[in-house]
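# Analysis of the macromolecular model
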Amino acid sequence: MTIPTALFVTYATLTAPGTGDSTLVQLGDNFNTHNYTLFSTVADINTNVIVALEGSIDGTNYSKIIANQTITADGTTHYNIANHPVKYIRPSFVSESGGTAATVLFSIGAN
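A brief look at the structure comes next. (Residues numbered from 1 in each chain as written. Predicted model: local features only at pLDDT ≥ 70, side-chain atom pairs only at ≥ 80, totals over all residues. Heavy atoms only, no water.)

## A look at the sheet that holds strand β11 (residues 103–110)
Under the convention used in this document: Whether two strands pair comes down to DSSP finding at least two bridges between them. Only runs of H or I of at least four residues qualify as helices and only runs of E of at least two qualify as strands under DSSP, and these elements are numbered from the N terminus. Axis angles are defined between N-to-C directions and span 0 to 180 degrees, where every axis is a line fitted to C-alpha atoms and, for a helix, only to the segment in contact.
What the four strands build is an open sheet, ordered β1-β11-β6-β9; its pairing is antiparallel. The open sheet has two free edges, formed respectively by β1 (7–10) and β9 (75–81), since each of these has just one partner strand. Direction aside, the axes of adjacent strands within the sheet are offset by 15° on average. Note: strand β6 (residues 36–43) against β9, seven bridges, orientation antiparallel. Each bridged residue has a counterpart across the sheet, and for T41 the counterpart in β9 is T76.

## Examining the packing of aromatic side chains
Each pair of aromatic rings is reported with the distance of its centres and the angle of its planes. The line we're drawing: Classification of ring pairs rests on two measures: the distance between centres of Phe, Tyr or Trp rings, Trp counted by its six-membered ring, which must be within 6.5 Å, and the angle between planes, read as stacked under 30 degrees, edge-to-face over 60 and tilted in between. Two conditions define a charge sitting above a ring: the NZ of Lys or the CZ of Arg must be within 6 Å of the ring centre, and it must be within 35 degrees of the ring normal.
Scanning all chains against the criterion turns up zero aromatic pairs. Sitting above the plane of the Y62 ring, R90 keeps its charged end 3.8 Å from the centroid.

## Re the pairing of strand β8 (residues 62–71)
Sheet analysis places strand β7 (residues 48–56) next to β8, joined by seven bridges and oriented antiparallel. Bridging across to β8, L53 finds its partner in I66.

Below you can see the structure in the form of C-alpha cells.
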C-alpha cells in the first residue's frame, strides 16, 4: 500500500458567504498534515470578497489558520500556511462588499 504524501481537494462553488465542507486531513498514524495552500478563484466580483482557511482539532470548533484575505479582482489567488497541524480544515467565504454576485471556488492542498 502506498502512503499518500499530499492531499488535494476542490470544493463546490460558494455563491454567498459561508464555509465549504470540512475535510479530514489526518489519516491515521501514517498521514498527518501541517502545511496548507488555499487557492481561491473569484468570479463576478463587485468591490471585494474576503476569504480564509479554518482549522479544527475536533471537527466542531474552528479557528482561522489563514487569516482573512481581501480579494479585489476576479481571478485565482493562493495563500500558504506552514507548521499548523490540525485534524480538519475548511475554506471560508467570509464576506462580500459592493453587491451579491461574486462566486468563490476553493481548492486546498495539504501535506
